[in-house]
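# Geometric and topological summary
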Amino acid sequence: MDVNGTVAEGFEPVRDAFVRNFTALGERGAAVVVYRDGHEVVDLWGGTRDVDGSPAPWERGTAQIVRSATKGVTAAVVLLLHQRGELDLDAPVGEYWPEFKTAGKDRVLVRHVLSHRAGLPALDRPLTPEEALDPLRGIEAVAAQAPAWEPGTDHGYHALTYGWLADGVVRRVTGGRGIGEWLADEVAGPLGLDLWVGLPSSEAGRVGRAGRTEEPEIAGGGLRSRPKRAVSEAYEDPSSLTRRAFAAITPFPDQNDAAYRAAALPATNGIATADGLARFYAALIGEVGDGGRLFTPRTVELARSEHSGGPDRVLVVPTRFGLGYMLHGTASPLLGPGSFGHPGRGGALAFADPDSGIAFGYITNGFRKSVTADARAQALVRAVRSAVGG
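Source: prediction; values computed, not measured.

### Thoughts on the side chain of S308
Within the element layout of this structure, S308 appears in strand β8 (residues 308-311). On the basis of relative accessible area, S308 is assigned to the buried category, the value being 1%. Separated by 3.2 Å, the side chains of S308 and R117 make a polar contact. Non-local contacts of S308, meaning those with residues more than four positions away in its chain, are made with S115, R117, H155, T319, R320 and F321.

### Quick notes on helix α12 (residues 274-285)
Taking 1.5 Å per residue, 12 residues should reach 16 Å; α12 reaches 17 Å between its end C-alpha atoms and fits that length. Along α12, 10 of the 12 residues are buried, which leaves the element largely enclosed by surrounding structure. For α12, the set of buried residues is A274, G276, L277, A278, F280, Y281, A282, A283, L284 and I285.

### Topic: the pairing of strand β2 (residues 29-36)
By the criterion of burial, β2 is predominantly enclosed, with 7 of the 8 residues buried. With 8 bridges connecting them, β2 and strand β3 (residues 39-47) associate as antiparallel partners. Directly across from A31, in β3, lies its bridge partner W45. Adjacent in sequence and paired antiparallel, β2 and β3 are bridged by 2 residues, among which D37 carries a positive phi angle near 50 degrees. Summarising the sheet, β2 and strand β13 (residues 358-364) pair through 7 bridges and their orientation is antiparallel. Residue pairing in the sheet places V34 in a bridge with F360 of β13.

Reading the values: rules and limits
Residues numbered from 1 in each chain as written. Predicted model: local features only at pLDDT ≥ 70, side-chain atom pairs only at ≥ 80, totals over all residues. Heavy atoms only, no water. Helix = DSSP H or I, 4+ residues; strand = E, 2+ residues; numbered from the N terminus. Buried < 20%, exposed > 50% of the residue type's maximum accessible area, 1.4 Å probe, protein only. Polar contact = N/O pair within 3.5 Å; in protein donor to acceptor, adjacent residues only side chain to side chain. Contact = heavy atoms within 4.5 Å. Expected span 1.5 Å × (residues − 1). Pairing = 2+ DSSP bridges.

Below, the structure written as structure tokens:
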């Protein structure tokens, strides 16, 4: 397998794991970048740019849709507004967004939105793909929706509605700028990040085609693990909160469609290079180049301190969330107990670990069935852990 890029001394296990993802785990095209203390220590890419095997090679600047890894980027926008004193995390959402107060939501706090405690993971009437591309329709839908449980009392993964909830707050705090626009102006532009929520037409040629791929069987023990019956039943039952949460847009749009990529869905359609994601997380926890640091130590603690934990009403497994970020746990293993970040369903993963100074970004064009813990990403995380002595 022809893998390109470099690794710093001591991080050779990451290269070995990346190669094995292609030779043993069926990887088609992917990239991984790791920073330590603001300096790049891993930069690897390989395979084809498009999942269908077309001959164009994956290049260093190839970008890919990262699905729910977008949520970690969206969370940073909200937390940065709080850090700047423009947004109170303990204020009711309706204080900024009066239309949101309906249907028993007057006590939903901003921090409930970030920690998946708002009780709004599903819509009674899903949006069509065309409606979902409208920047305001999803916001209007969650404003009208009644909660599925008493807000603030429990948590459940807001797979798609998370983005509309956060965007609704941000637009009102910023005077109309959506998360994608704010990110470009205040974060990605100043730091020179290849990271977008709403892909500019000028960058469209850099993005590879993504699609579903199957996990291969491995002699002596297969990769494919059978989920618990309760989890399987939740995903199979059209009336379950699980199915309804992931079906808030029905049918789901073609993720390779230019119109979908150009739209801004802050829960699920971010596009990035591996370096864009890793450098973003490196800037959350420390200095990176001349761009400075994004989060203060206090904001880092908000991101990585548990605000929700235990059985998840939507994912039907125990999950842990800080404010906007998944935390290290059985559902989504990261580098260690102090790590915070977010996976993308079926593959992508990005996180920071302040204790070791590690920031990690992995993207792929081959999506799997996994929701929060992809085998290829986890192999790379284990390799990073071994390199830093974890």
